Amino acid sequence: MDIAGFLASVESSNLATAIRDSLYLFPLIESLHVLGLTLVFGTIVIVDLRLLGIASIQRPFTRITSDILKWTWAAFVWTATTGMLMFITNANVYYHNFFFPNEDGAARACGVERGDI
Amino acid sequence: MTSAIREFAEWLSHTSPSILIQTHNASVIPTIQSIHIIAIGVVLTSVLMIDLRILGWAGHDQTLRETTDRFGPWLSWALLVLLITGISMVVGEPVRALLSFSFWLKMFLVALGTLIATFLQITAKRNEQTLVNRRTVKSLAILTLLIWVGIVILGRLIAYDYVWGSWSLKPTA
């Protein structure tokens, strides 16, 4: 199956149709997506500020990561899931959206970076 | 009351600061919105860290005082950024914001959340030993977190005010 066929089948799935046809599901999913995104960003900032030696410098790095990274990962999975739910409702358009591949690539790059720490 | 808000929003949209934001550049409002979301990330995470410490779920090697000293200033500064960018967005798009039910509910929760967060910070500085195990303070910590989660969700729902049906003041609802 080529990419266009895959996108069309994703878009016509029962889940995508249910989200698209509901007046309330998309706004709710988008709000939950923003919620996850703010937590991914905020928790990464805490770790990065420690790495840069700007904040929490008196605390061992491993203490901070054991407190924080589980929240980062949970929020990352949450954001990716809600993002995917929004994507499937209009897969073809989003796929061809100029900004989307960049956002996707950046998110994957950050995921790899987190995994390496 | 409703017509007064409507008139005020209409008046505001014709003032020079509003026209400046509306017409200066198409990227002004998205840029302000992006800064607003970054600031809310800082606020939400700072609240999360302080609340997790109060609940005993994180920061065991830190006193509550140390945790509030670490995240309190970030919380305050990010709240200031939220206020400035928030006012800019209201001035730039007054009808979109002021006629939205989500906006007013969000403002109520912002006032409540800020009040409780300030109370928790002051209490933490004054009386730390008795504070940590006190059930009411733990309940307040959970409440603040839920309030800020609600604020984030309502912020996005301003764009979809029809979900509130007749509670929305917007003419399209």
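Residues numbered from 1 in each chain as written. Chains lettered and ligands numbered in written order. Predicted model: local features only at pLDDT ≥ 70, side-chain atom pairs only at ≥ 80, totals over all residues.

Q: When you look at the overall build of chain B in this model, what are you seeing that I'm missing?
A: Of regular secondary structure, chain B possesses 8 helices and 0 strands. What you see in chain B, going N to C, is helices and strands ordered as α-α-α-α-α-α-α-α. Principal-axis analysis of the C-alpha atoms gives chain B an extent of 55 × 35 × 20 Å. Evaluated residue by residue, chain B yields a buried proportion of 34% over its 173 residues. Sequence-distant contacts, at least 24 apart, represent 77% of the contacts inside chain B between residues at least 6 apart. (Helix = DSSP H or I, 4+ residues; strand = E, 2+ residues; numbered from the N terminus. Buried ≥ 20, exposed ≤ 12 C-beta atoms within 10 Å, placed from the backbone. Contact = placed C-beta atoms within 7 Å.)

Q: Where do I start with the overall build of chain A in this structure?
A: Scanning chain A from N- to C-terminus turns up 6 helices and 0 strands. Starting at the N terminus and walking to the C terminus, you meet the elements of chain A as α-α-α-α-α-α. Looking at the 117 residues of chain A, the share that counts as buried comes to 22%.

Q: When you look at the confidence of the model for chain B in this model, what are you seeing that I'm missing?
A: Atom-level detail of predicted coordinates should not be read off regions where pLDDT is low. All names here are of chain B. For chain B, per-residue confidence averages 88 on the pLDDT scale, and residues scoring 70 or more make up 94% of the total. Least confident of the elements in chain B is helix α7 (residues 128-131), whose mean pLDDT is 57; most confident is helix α3 (residues 28-55), at 94. For this predicted complex, the interface confidence reaches an ipTM of 0.87, while the overall pTM sits at 0.86. (pLDDT = per-residue confidence, 0-100.)

Q: It is not clear to me how the interface of chain B and chain A should be interpreted in this structure. Could you clarify?
A: Many authors give the size of an interface as the accessible area that is lost as the parts come together. At the interface, 18 residues of chain B touch 19 residues of chain A. If you list the elements that add at least two residues to the side of chain B that touches chain A, you get α3 and α8 (135-157) of chain B. By residue number, the principal contributor to the side of chain B that touches chain A is α3 of chain B, which donates 7 residues. Considering only residue class, the side of chain B that touches chain A consists of 12 nonpolar, 3 polar and 3 charged. (Nonpolar A, V, L, I, M, F, W, Y, C, P; charged D, E, K, R; others polar.)

Q: Help me out: how do you make sense of helix α3 (residues 25-51) of chain A in this one?
A: It helps to recall that an α-helix has 3.6 residues per turn; residues three or four apart then point in one direction. In a regular helix each residue adds 1.5 Å, so 27 residues correspond to 39 Å; α3 of chain A covers 39 Å between its end C-alpha atoms and thus fits that length. Trailing α3 of chain A by a residue or two, G53 of chain A shows a phi angle of about 75°, which is positive. (Expected span 1.5 Å × (residues − 1).)

Q: Just checking my understanding: could you explain the nonpolar core for this structure?
A: If you look at soluble globular proteins, the nonpolar side chains tend to sit buried side by side. In terms of nonpolar packing, the biggest core is built from 37 residues, with V43, L44, V47, L75, A78, W148 and V152 of chain B touching the most fellow members. Taken together, the elements giving at least two residues each to this core come down to α3 and α4 (61-89) of chain A together with α3, α4 (64-92), α6 (101-126) and α8 of chain B. Considering each element in turn, this core owes the most residues, 10 residues, to α3 of chain B. Leaving out residues up to four positions away in the same chain, V152 of chain B has contacts with V34, L35 and T38 of chain A together with I40 and L44 of chain B. (Core = buried A, V, L, I, M, F, W, Y, C linked by C-beta atoms within 7 Å.)

Q: How should I be thinking about the confidence of the model for chain A in this particular structure?
A: On average, chain A scores 87 in pLDDT, and the residues at 70 or more come to 83%. In the model, residues 113-117 of chain A has pLDDT below 50 throughout and makes 2 contacts with residues more than four positions away in sequence or in other chains.

Q: Help me understand α4 of chain A, please; the structure alone is not making it clear to me.
A: Residues and elements named next belong to chain A. The terminal C-alpha atoms of α4, which comprises 29 residues, lie 41 Å apart, in line with the 42 Å expected from a rise of 1.5 Å per residue. A maximum bend of about 35° is found in α4 at I68. Residues I64, D67, I68, T72, A75, F76, T79, T82, G83 and T89 constitute the buried set of α4. (Bend = angle between axes of the 7 residues up to and from the residue.)

Q: Honestly, the packing of α3 of chain A against α4 of chain A in this entry has me stumped. Any pointers?
A: Angle between the axes and distance between the axes: these two values describe a pair of packed helices. Residue and element names in this part refer to chain A. Close contact between α3 and α4 brings their axes to 8 Å; oriented N to C, the two are set at 155°. Classified by the angle between their axes, α3 and α4 sit roughly antiparallel to one another. At the point where α3 passes α4, the crossing takes the left-handed sense. Class assignment of the residues belonging to the contact of α3 with α4 gives a composition of 19 nonpolar, 9 polar and 2 charged. (Axes fitted to C-alpha atoms, helices over the stretch in contact; angles between N-to-C directions. Parallel < 35°, antiparallel > 145°, perpendicular 65-115°, else oblique. Left-handed = near helix turned anticlockwise from the far one by under 90°.)

Q: Honestly, the packing of α3 of chain A against α3 of chain B in this entry has me stumped. Any pointers?
A: In contact at an axis separation of 8 Å, α3 of chain A and α3 of chain B are set at 70° when each is read in the N-to-C sense. As far as their axial angle goes, α3 of chain B and α3 of chain A are roughly perpendicular. Here V34, T38, L39, F41, G42, T43, V45 and I46 of chain A of α3 of chain A come into contact with α3 of chain B, specifically with I37, I38, I40, G41, V42, L44 and T45 of chain B. Split by residue class, the contact of α3 of chain A with α3 of chain B holds 10 nonpolar, 5 polar and no charged.

Q: What is the right way to read the environment of T45 of chain B from this model?
A: Tracing the backbone shows T45 of chain B in helix α3. Separated by 103 residues in the primary sequence, T45 of chain B and W148 of chain B have C-alpha atoms spaced 9.8 Å apart. Other than its neighbours up to four places away in sequence, T45 of chain B contacts L39, G42, T43 and I46 of chain A.

Q: Before we go on, may I ask you to explain the environment of V40 of chain A in this structure?
A: Residue and element names in this part refer to chain A. By the element assignment, V40 lies in helix α3. A C-alpha to C-alpha distance of 25 Å links V40 and Y24, two positions 16 residues apart in sequence. Excluding its chain neighbours within four sequence positions, the residues that come into contact with V40 are T72, A75, F76 and T79.

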